Amino acid sequence: MNGSFDIISEEDVLHAGNEISRLTREKGFSILDRIQIRTAFSELARNMVVHAGGGKVQYTLLDDWGLQLVFEDHGPGIPDIGKAMSTGFSTTKSMGLGLPGSKKLADDFHVVSKPGEGTKITFFRKIRNDQVNNKNEGINNGQRHDFSRGERNG
Amino acid sequence: MSDKTNEKNKLETLEKRVQELEKENAGLKATLEQEAQEHEKVSMDLAIGLSEAFVVLQKISQGDFSVRASEDVENELLARLGVVINRTNDALSAAKAQTQNMIKELATPVIRVWDEVLVLPLIGTLDSQRAQHVMETLLERITKDGARIVILDITGVPYVDSLVAANIAQTMEAVKLVGAEGMLTGIRAQVAQTLVKMGVKITGVETKSNLAEGLKEAFRRLGVKAIQEKQPGD
Amino acid sequence: MAELSFLTFRGNIIVALHGEMTDSSVRNFQSHLLEEIERIHARGLIIDISALEFVDSYMARVFVETAKMAQLMDTRTVLVGMKPEIAITLIQMGLSFEGVFSAVNLDRGLEILEKERARKRGRR
């Protein structure tokens, strides 16, 4: 399952964040997973609004795998990614924890940025094992296979 | 003369019959060849299907439950084998998950030792996954029970690595954030060394030598007095 | 965002946050709260965040800042009802909440404010 959101304003951040929350709830992510995904979404989407005047978020949700969020903007770019990823650095008034903080909430995190062209951040969060197993149990409870057809020839 | 004609006719009939038989024979031969080919194909399919099934079974026996046998194959026998293997796989992986959950629950026994006082004695080595589970379980109990004081007793933890040490520090901070007071008891020599050497700061958390001292401190903070009315043996 | 309503209880301001907040509504919340503290000379402030679905670094920063600003006006702040999952998230992101009191529920929050007041009286 996949889709995308255009993020221009603070309201867009909220609206898209709510959608992401709804999707992860439906897919059976744990509360902690959901809250951490929502928090990282808020951080990274806000960065696009504040630093680049907006951008686009693409999401990909795969069963038994996880959620990937790609944040892409055509803003000024991040001149020094290493510096931006270190705790405490910020070009605006925020605490500067948005980027490094989101990374800590991710299972996989990539930043590609070219000054003057824009920034692309990929955030990936696995669906945790016990959730996947719970889902398998659900399948087992249902009658999935028909064994009777093989017995007709006796 | 009629005899001759008769003979000729007979010969012609026989020749015709031979031709027919030859044709029939050719047909039978073709059928046989086709059947032989089909048999070969079926046994090839079976051989390939079975070896695939063996690979899947071998992986399952090694504890890899992510594999699936193919159920959507032409050969009915193989299809059924696939279905049975996948069913077994599902059942095994569910059982494993259940056991792991049970172990996880047993490994984090949060005990309410007094009104509003929780104790979590940790035993054995901690990896970061278990440390994460400890944090989640403990915080949930604090909010559910409205606990005031939480004692994390790590007497049974012989050593920690830097990741787990950081995790313990994070747990104590999170305890504060949800609104309880954390206490750490039973820090072993090696654990203390790791904490200091790795520069892990456990700020604003009282540490006591053992669980009994921790409990006394908890009682003191709650204003609870324990009075010994009789001497043992009186 | 829904209108904010401040309750006053024994000289303390109690405010509960609901649902989602944009950055500007978080900023508005801060300035209105501080004005209210000034207006009624509040002795304590309780921010109930039990109904918040998540708290990100921006909101967290505003809470910590607000507590510091209130402290300058001689008002103690208690954050009440933070969900365990939110606490884990904020700590894992590396946020610090130094100088902010936390309580599991409103009762405990008021208790902390009482204790702080008693401590202050004792110092005098």
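All values reported here derive from a predicted model rather than from experimental measurement.

Remarks on the overall build of chain C
The helix and strand tally for chain C stands at 4 helices and 5 strands. Counting from the amino terminus, helix and strand elements in chain C follow one another as β-β-α-β-α-β-α-β-α. Relative to the compact-globule value of 14 Å for 124 residues, chain C shows a C-alpha radius of gyration of 14 Å, a close match. Each principal axis of the C-alpha distribution contributes one length, and for chain C these read about 40 × 30 × 25 Å. A total of 124 residues make up chain C; the buried ones form 56% of that total. In chain C, the share of contacts with a sequence separation of at least 24, taken over all contacts with a separation of at least 6, comes to 73%. Of the roughly 5,700 Å² of accessible surface on chain C, a fraction of 50% belongs to carbon and sulfur atoms. Side chains of chain C give 16 positive and 17 negative charges; the mean places of these two sets differ by 10 Å.

Description of the pairing of strand 4 (residues 108-114) of chain A
Residue and element names in this part refer to chain A. Residue alternation in strand 4 divides its side chains into a buried set, Phe109, Val111 and Ser113, and an unburied set, Asp108, His110, Val112 and Lys114. Pairing between strand 4 and strand 5 (residues 118-126): 7 bridges, direction antiparallel. Each bridged residue has a counterpart across the sheet, and for His110 the counterpart in strand 5 is Thr122. Connecting strand 4 to the next strand, strand 5, in antiparallel fashion are 3 residues, including Gly116 with a positive phi near 85°.

Details of the pairing of strand 2 (residues 12-19) of chain C
Residues and elements named next belong to chain C. Alignment of strand 1 (residues 6-9) against strand 2, held across 4 bridges, turns out to be antiparallel. Across the sheet, the residue bridging to Phe9 is Asn12, located in strand 2. Joining the antiparallel neighbours strand 1 and strand 2 is a turn of 2 residues, in which Arg10 adopts a positive phi near 50°. Bridge analysis of strand 2 against strand 3 (residues 44-52) gives 7 bridges, and the strand direction is parallel. Looking at the pairing, Val15 lines up with Ile47 of strand 3. Traced from strand 2 through helix 1 (residues 23-40) to strand 3, the parallel crossover comes out right-handed.

Some details on the domain arrangement of chain B
Size of an interface, as often reported, equals the accessible area lost when the parts are brought together. Here chain B is partitioned into domain 1 (2-102) and domain 2 (108-222). Here the C-alpha centroids of domain 1 of chain B and domain 2 of chain B sit 64 Å apart.

Details of the packing of aromatic side chains
Residue and element names in this part refer to chain C. Tallied over the entire structure, the rule returns 5 aromatic pairs over all chains. Taking 6.4 Å as the distance between ring centres and 90° as the angle between the ring planes, the aromatic pair formed by Phe29 and Phe63 counts as edge-to-face. Taken together, the residues Phe29 in helix 1 and Phe63 in helix 2 (residues 57-72) connect sequence positions 34 residues apart. Pair check on accessibility: Phe29 and Phe63 agree, each one buried.

Some words on the nonpolar core
Nonpolar side chains in soluble globular proteins tend to end up buried together. In this structure, Ile7(A), Leu69(A), Phe71(A), Phe123(A), Ile142(B), Ile47(C) and Phe63(C) are the most contacted members of the largest nonpolar core, which totals 101 residues. Not counting the four nearest positions on each side in its chain, Phe123(A) is found in contact with Ile37(A), Ala40(A), Leu44(A), Leu67(A), Gln68(A), Leu69(A), Phe71(A), Ser102(A), Leu105(A), Ala106(A), Asp108(A) and Phe109(A). Counting residues in hydrophobic clusters, the runner-up holds 7 residues, among them Ile14(C), Val80(C), Ala103(C) and Leu113(C).

Overview of the sheet that holds strand 2 of chain C
All names here are of chain C. Pairing in this open sheet of 5 strands is mixed, and the strands run 1-2-3-4-5 from one edge to the other. Pairing within the sheet leaves two strands with one partner each, and these edge strands are strand 1 and strand 5 (101-103). Taking the axes of each pair of neighbouring strands and ignoring which way they run, one obtains an average angle of 25° across the sheet.

A word on the environment of Glu213(B)
Residues and elements named next belong to chain B. Relative to the elements of secondary structure, Glu213 occurs in helix 6 (residues 211-222). When the C-alpha positions of Glu213 and Val224 are compared, they lie 14 Å apart, and in sequence the two are 11 residues distant. Side-chain polar atoms of Glu213 contact the side chain of Lys216, separated by 3.2 Å.

What to know about the interface of chain A and chain C
Taken together, the contact pairs 23 residues of chain A with 21 residues of chain C. Both faces considered, chain A and chain C share a buried interface measuring about 2,000 Å² in area, 60% of it formed by carbon and sulfur atoms. In this assembly, chain A and chain C are joined by 3 salt bridges. Arg46(A) serves as the salt-bridge partner of Asp23(C), at 2.6 Å between the closest nitrogen and oxygen.

As for the confidence of the model for chain B
On average, residues of chain B score 89 in pLDDT, and 99% of them reach the 70 mark or higher. Within chain B, the lowest mean pLDDT, 86, falls on helix 2 (residues 76-107) of chain B, and the highest, 95, falls on strand 4 (residues 181-185) of chain B.

What to know about the layout of surface pockets
Empty space within the second largest pocket amounts to approximately 920 Å³. Along the wall of the second largest pocket there are 32 residues; nearest its centre are Lys176(B), Ala180(B), Glu181(B), Phe101(C) and Ser102(C). Contributing elements (two or more residues each) for the lining of the second largest pocket: helix 4 (162-178), strand 4 and helix 6 of chain B together with strand 5 and helix 4 (106-123) of chain C. Per element, the largest residue contribution to the lining of the second largest pocket is 6 residues, and it comes from helix 4 of chain C.

Examining the pattern of salt bridges
Residue and element names in this part refer to chain B. By the definition in use, this model includes 27 salt bridges over all chains. Two residues, Arg17 and Glu20, come together in a salt bridge whose shortest N-O distance is 3.3 Å. A residue pair is termed a helical-turn pair when its members lie 3 or 4 positions apart in one helix, as Arg17 and Glu20 do in helix 1 (residues 2-61) at 3 residues. Arg17 gets classed as partly exposed once you look at its relative accessible area, which sits at 42%. Close ionic contact of Glu217 with Arg220 constitutes a salt bridge, the shortest N to O distance being 2.9 Å. With Glu217 and Arg220 both in helix 6 and 3 residues apart, the pair spans about one turn of that helix.

Cut-off values and rules
Residues numbered from 1 in each chain as written. Chains lettered and ligands numbered in written order. Predicted model: local features only at pLDDT ≥ 70, side-chain atom pairs only at ≥ 80, totals over all residues. Heavy atoms only, no water. Helix = DSSP H or I, 4+ residues; strand = E, 2+ residues; numbered from the N terminus. Rg over C-alpha atoms; globule rule 2.2 N^0.38 Å. Buried < 20%, exposed > 50% of the residue type's maximum accessible area, 1.4 Å probe, protein only. Contact = heavy atoms within 4.5 Å. Areas by Shrake-Rupley, 256 points an atom, 1.4 Å probe, with all protein chains shown as cover. Lys, Arg positive; Asp, Glu negative; His and termini not counted. Charge placed at Lys NZ, Arg CZ, Asp CG, Glu CD. Pairing = 2+ DSSP bridges. Right-handed = clockwise from strand over helix to strand, strands pointing away. Domains from an automatic or database assignment. Phe/Tyr/Trp six-rings, centres within 6.5 Å; stacked < 30°, edge-to-face > 60°. Core = buried A, V, L, I, M, F, W, Y, C linked by side-chain atoms within 4.5 Å. Axes fitted to C-alpha atoms, helices over the stretch in contact; angles between N-to-C directions. Polar contact = N/O pair within 3.5 Å; in protein donor to acceptor, adjacent residues only side chain to side chain. Buried area = accessible area lost by both parts, 1.4 Å probe. Salt bridge = Lys/Arg side-chain N within 4 Å of Asp/Glu carboxyl O. pLDDT = per-residue confidence, 0-100. 1 Å grid on protein atoms, 1.4 Å probe; cavity = no way out; pocket = protein on both sides within 12 Å on 5 of 7 lines; lining within 4 Å. Points joined across faces, edges and corners; volume = space filled by probe spheres on them.

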